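Each chain is listed here by its residues.
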Amino acid sequence: MKLIQSFYDSDDTLKMAKDLIGHFLYTNLDGNITGGMIVETEAYMGVTDSSCHTFNNRKTNRNATMYCQGGVIYMYVCYGIHDMLNIVTGSEGDSQVILIRAIEPLTGIEIMKERRGDVPLKRLTKGPGSLAKALGLKRIHDGISLTEDKVWIEDQGFKVEPENIIETARIGLGCPEPYFSIPWRFFLKGNVFVSGKTK
DNA sequence: GACGGGATTTACT
DNA sequence: GTAAATCCCGTCA
């Protein structure tokens, strides 16, 4: 069952970041459906979070989408090479997002392999750059709604027990404390597609 | 108009 | 473990 607009309107971004673990993310681009189960997310909590692109109410062309009403995707390029997929949450103007860091590949695996080149299955969708590439998402998809038919998330009734969601510090940040180590990264315990350290 | 750097990945040694 | 790849964007001149 596809998640509807009201799911994304919630401003409890941390709860959503955990809820998304065990949900299913799909894209339908160029006539190809690809996707899998979300196993790793990170929350970026808006203007008060010094690691967030909108820290201090910063408004630029790049981050404009982050201020949209929840339910659209924010895509940006990191290191000039990798496109990153984020889910915008909450009300218009509050700029909180959830970075999708990894999925377990399930649908359209052959298509994803073509997009990724010659990599082993276990690395197909591990890490935010790999995931976006496998799903065919690029910066040009910035601002697309999750309630339309190019990219969406489903609840398929997969239950994740709270004790199987591990919380750690976010990965790759260069910001000062306390946000450097605040545990706003979430992943599914024991899943081999989780990136970075898995304990 | 120049310059620095980044929510990473991969291929090296 | 370390380094290279690589591109806008945001900032400052």
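This text goes with the structure placed above it.
Residues numbered from 1 in each chain as written. Chains lettered and ligands numbered in written order. Predicted model: local features only at pLDDT ≥ 70, side-chain atom pairs only at ≥ 80, totals over all residues. Heavy atoms only, no water.

### Concerning the protein's contact with DNA strand C
As a reminder of what qualifies: When we say a residue is near a molecule or strand, we mean one of its heavy atoms is within 4 Å of it. Any pair of nitrogen or oxygen atoms within 3.5 Å is treated as a polar contact; in protein, a donor-acceptor pairing is required on top of that, and neighbouring residues in sequence qualify only through side-chain atoms on both sides. Only Asp, Glu, Lys and Arg are considered charged in this grouping, and only Ala, Val, Leu, Ile, Met, Phe, Trp, Tyr, Cys and Pro are considered nonpolar; every other residue, Gly among them, is considered polar.
Around DNA strand C, a shell composed of Arg58, Thr60, Asn61, Arg62, Tyr79, Gly80, Ile81 and Arg139 is seen. Backbone atoms, meaning sugar and phosphate, form 67% of the atoms of DNA strand C found within 4 Å of the protein. Arg62 is positioned such that a nitrogen or oxygen atom in its backbone is 2.9 Å from a phosphate oxygen of DNA strand C. The separation between a sugar or linking oxygen of DNA strand C and a polar main-chain atom of Gly80 is 3.0 Å. Of the residues assigned to the surface near DNA strand C, the class counts are two nonpolar, three polar and three charged.

### Details of the nonpolar core
To be explicit about the condition: As used here, the term nonpolar core means buried Ala, Val, Leu, Ile, Met, Phe, Trp, Tyr and Cys residues forming a set that is joined through side-chain atoms within 4.5 Å. We call a residue buried when its accessible area falls under 20% of the maximum for its residue type, exposed when it is over 50%, and partly exposed in between, using a 1.4 Å probe and counting protein chains only. To qualify as a helix, a DSSP run of H or I must reach at least 4 residues; to qualify as a strand, a run of E must reach at least 2; elements of each kind are numbered from the N terminus. The contact definition used throughout considers only heavy atoms, calling two residues in contact when any of these lie within 4.5 Å.
Among the nonpolar cores identified, the biggest contains 57 residues, and Leu25, Ile73, Ile100 and Ile153 are the most heavily contacted of them. Looking at this core element by element, the count peaks at six residues for strand β5 (residues 96–107). Residues contacting Ile100, with those up to four places away along its chain left out, are Leu20, Leu25, Ile38, Glu40, Thr41, Leu85, Ile87, Pro128 and Leu131.

### Comments concerning the packing of helix α3 (residues 109–116) against helix α4 (residues 128–135)
So the rule is basically this: Between N-to-C directions, angles cover 0 to 180 degrees, with each direction set by a line fitted to C-alpha atoms, over the stretch in contact for helices. What makes a crossing left-handed is the near helix being turned counterclockwise from the far one by less than a right angle; a clockwise turn instead makes it right-handed.
Relative to each other, α3 and α4 sit at 115°, their axes nearing to 7 Å. Between α3 and α4 lies a crossing whose hand is right-handed. Side by side, α3 and α4 meet where Met112, Arg115 and Arg116 of the first sit next to Ser130, Lys133, Ala134 and Leu135 of the second. A class-by-class count of the residues in the contact of α3 with α4 yields three nonpolar, one polar and three charged.

### Regarding α3
The criterion, for reference: The directions considered for the arc run from the helix axis to the C-beta atoms.
Along α3, the residues that are buried comprise Met112, Arg115 and Arg116. Considered in projection along α3, the buried side chains sweep an arc of 90° and stay on one side of the axis. With respect to the buried face of α3, the exposed residues turned more than 90 degrees away are Glu110 and Glu114. Close packing links the buried residues of α3 with β1 (24–29), β2 (32–44), β5 and α4. Just beyond α3, the residue with positive phi is Gly117, at close to 85°.

### Quick look at the protein's contact with DNA strand B
Of all residues adjacent to DNA strand B, which total 21 residues, the nearest are His82, Met84, Asn86, Arg116 and Gly127. At 2.5 Å from a base nitrogen of DNA strand B is found a side-chain nitrogen or oxygen belonging to Asn86. Looking at the surface near DNA strand B, the elements that each hand over two or more residues are β4 (82–89), β5 and α4. Of the residues assigned to the surface near DNA strand B, the class counts are nine nonpolar, nine polar and three charged.

### Thoughts on the packing of aromatic side chains
Rules: Pairing of aromatic rings covers Phe, Tyr and Trp, the last through its six-membered ring, and needs centres within 6.5 Å; plane angles under 30 degrees mean stacked, over 60 mean edge-to-face, and all others mean tilted. For a lysine, the NZ atom is tested; for an arginine, the CZ atom; a charge sits over a ring if that atom is within 6 Å of the ring centre and within 35 degrees of the ring normal.
Inspection of the entire model under this criterion finds four aromatic pairs. On the basis of an interplanar angle of 25° and a centroid distance of 5.7 Å, the ring pair of Tyr26 and Trp152 is categorised as stacked. With Tyr26 in strand β1 and Trp152 in strand β6 (residues 151–154), the pair connects residues that are 126 residues apart, well separated along the chain. Exposure class is identical for Tyr26 and Trp152. Each is buried. A ring pair is formed by Tyr179 and Trp184, whose centres lie 5.9 Å apart and whose planes are at 45°; its orientation type is tilted. Residue classification places Trp184 among the buried positions, given a relative accessible area of 13%. Residue placement shows Lys59 over the ring face of Tyr67; its charged tip is 4.6 Å from the ring centre. Its end group placed over the ring of Tyr44, Arg170 keeps NZ or CZ at 4.7 Å from the ring centre.

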